[in-house]
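# Results of the structural survey
So you can see what is in the structure, the chains are spelled out below.
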Protein chains: 2
Amino acid sequence: MLSVHLENGIVAVKKQPLPRVAEGFARIRLLAAGICSTDLELQRGYYGFSGTPGHEFVGELEDGTRVAGEINLACGHCNWCARGLGRHCPNRTVLGIVRHPGAFREFLTLPLVNLHRVPKSVPTEHAVFIEPVAAACEILDQIKIAKGSRVAVLGDGKLGLLVAQVLQAHGAKVLLLGRHREKMRLVEWSGVTTEPLPEKMPERAFPIVVDATGSPEGLRAAIAMCEPRGTVVMKSTVHGLVPIDTAPAIVNEITLVGSRCGRFEPALKMLASGKVRVGDLISEEFPLDRAPQAFARAATKGVLKVLLRPPSS
Amino acid sequence: MLSVHLENGIVAVKKQPLPRVAEGFARIRLLAAGICSTDLELQRGYYGFSGTPGHEFVGELEDGTRVAGEINLACGHCNWCARGLGRHCPNRTVLGIVRHPGAFREFLTLPLVNLHRVPKSVPTEHAVFIEPVAAACEILDQIKIAKGSRVAVLGDGKLGLLVAQVLQAHGAKVLLLGRHREKMRLVEWSGVTTEPLPEKMPERAFPIVVDATGSPEGLRAAIAMCEPRGTVVMKSTVHGLVPIDTAPAIVNEITLVGSRCGRFEPALKMLASGKVRVGDLISEEFPLDRAPQAFARAATKGVLKVLLRPPSS
């Protein structure tokens, strides 16, 4: 089968034998996969990754059932797993990120417990977004957002666009601040208000601010914009040390919440409900054997989601 | 009356007329005041302060009632005040810090609503600690700490020693990590376990970590020590930008809570109950007219609380 291999920043496509299927695992035929910013970071050399990347995917089982899969492979035995927080299991591997080959190949494997059936109403290319939509929904698992709450979302990349839609669908009044009019326009149908990032951010203005900028300036701006006793959700992974001004966070008693992966159930519901639209976020599709070109395209400024399709699907 | 004046880093003692008392305010005769790290920061030039500093005090009213006073003078009319959060009122002045002359003088003024009667069982020199004890108690107003929870407190300065005692008194199992054996020994009577700061901090080890180190390294260490989904309480004001590694905070979904001043009621209860002992934290007392020497002493390494007493008390 075809399999993407990433090493020292080079994306290559190789022929490999079908993966062996361990007990409790399923072999899944890839239908479509998405290139995520994390994949581009792996290419840039973070985490010293080498192997097959890819963790956003939809595939099918031997009986034709379409499935998506949670990306953390938990041990199932530790305290974290017992508390239902396998996503924080210290012994976990992570699909396409940590010691488990990823989804950019014709056949992949995952534990059966990780799989979720994709409802008929959700097209394959939309279901590829389950993982990032779950990451957006994770915010609702971590903090209380009352209906009608004013929430500012900073950043109009893929994650920012999803977070804005998810929180608006939940009932918040979302203001999305970004640099790209044409990207922000994609979510205005949902009732999200959009504005270009102002030169000077409004201070103490929002009870909840989500930083999805992916930049150190984003977190600093989010802290300054947040009301006293308010909450800043940290959705951007920025590598290295981020200089932040802790004084306003302490004086205004702001809570900063680190937020990562989420459960798939609410994300599937969001996608099935039509309250979150992802089709417009797909910039381009490439066949799996053109993965190097697909990675280059995904890394191009202004491009949103790039999908990979195996040759047969 | 004698009044301490701070300008351009110089502490001086001046003679001044008695302060006028506006409606709704009380004139309070100073009995004792404490020099806080914030006062030393004002001396170092933060906030461009000039005037009379001092916000930790006990005084008496004309009828001899001993009182302590909340330091934030709220407007009483805004949304924050309506929510009982006058400590975050954007129009507030702050005793000895922001546009209201402080307590390092023979007579000071504060709104009647700010005053709390000091119970007979609490000696004046202990009641001076109400404000910092309230700052420690504030943690209990912000986050839930179950009885028996393991909490790490980093830093054995005055605030760290108070936080450790308050959380232990609340029922947590506190480990205090600091650099000074002799300071940490002062709180061991309460059941707090103490250990010298290790070369390498234990990772993912505590559900709750309080950073009271006053150093940028403290916050980084606190994040590393915190369990996934755990809470780091930020009690240190560090000036300027603090470089922190946001990646572990996000991957482990850690919540960082900025924490500042607190309500006086629980602090008075803590002091009256004897569950928090502050007498041992007093390093030295100076008369008010030797304020310059007192400030110098308070800034000396290893010194804990320095008190000022007016000449007549």
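Above: the structure in question.
Attention in this report is confined to the structure presented alongside it. (Residues numbered from 1 in each chain as written. Chains lettered and ligands numbered in written order. Predicted model: local features only at pLDDT ≥ 70, side-chain atom pairs only at ≥ 80, totals over all residues. Heavy atoms only, no water.)

Note on the copies: chain A fits chain B at an RMSD of 0.0 Å, the axial shift is 0.0 Å, and the rotation between them is 180 degrees. One copy is carried onto the other by what is essentially a two-fold rotation axis. The rotation axis passes nearest to the C-alpha of A:P243 in chain A, at a distance of 1.9 Å. A high fraction, 100%, of the interface residues of chain A reappear at the interface in chain B, so the copies pair face to face through one surface. (Least-squares fit on C-alpha atoms with pLDDT ≥ 70 in both. Contact = heavy atoms within 4.5 Å.)

Here we take up unusual backbone geometry. Even without glycine at this site, A:R204 takes up a positive phi of about 50 degrees. By relative accessible area, which is 26% here, A:R204 ends up partly exposed. One non-glycine residue, B:R229, lies in the positive phi region at around 65 degrees. Turning to its location among the elements, B:R229 is positioned in strand β15 (residues 226–234). (Buried < 20%, exposed > 50% of the residue type's maximum accessible area, 1.4 Å probe, protein only. Helix = DSSP H or I, 4+ residues; strand = E, 2+ residues; numbered from the N terminus.)

A word on the interface of chain A and chain B. Many analyses report the size of an interface as the accessible area lost when the parts associate. Opposite the 41 residues of chain A that make contact, chain B presents 41 residues. Taken over both partners, the interface formed by chain A and chain B buries close to 3300 Å², and the fraction arising from carbon and sulfur atoms is 57%. The largest share of the area that chain A buries against chain B comes from A:R229, A:I250 and A:E253, three residues that together contribute 19% of it. For the interface between chain A and chain B, the tally reads two salt bridges. Note that B:E138 and A:R229 form a salt bridge whose closest N and O atoms lie 2.8 Å from each other. Linking chain A to chain B there are 15 residue pairs in polar contact (both at pLDDT 80 or more). Looking at the side of chain A that touches chain B, the elements with two or more residues in it are α4 (130–142), α7 (216–225), β15 (226–234), β16 (241–245), α8 (246–251) and β17 (255–258) of chain A. (Buried area = accessible area lost by both parts, 1.4 Å probe. Salt bridge = Lys/Arg side-chain N within 4 Å of Asp/Glu carboxyl O. Polar contact = N/O pair within 3.5 Å; in protein donor to acceptor, adjacent residues only side chain to side chain.)

Time to look at the sheet that holds strand β8 (residues 99–100) of chain B. Residues and elements named next belong to chain B. Taken in spatial order, the three strands line up as β6-β7-β8 in an open sheet, and their pairing is mixed. The open sheet has two edge strands, β6 (72–73) and β8, and neither has a second partner. For β6 and strand β7 (residues 93–95), the ladder comprises two bridges, and the chain directions are antiparallel. By the bridge assignment for β7, N72 is matched with V94. (Pairing = 2+ DSSP bridges.)

Time to look at the pattern of salt bridges. Scanning all chains against the criterion turns up 26 salt bridges over all chains. Ionic pairing is found between A:R181 and A:E188, a salt bridge with its closest N-O pair at 3.9 Å. We classify A:E188 as partly exposed; its relative accessible area is 32%. Within this structure, A:R87, A:E138, B:R229 and B:E253 form a network of salt bridges that share partners.

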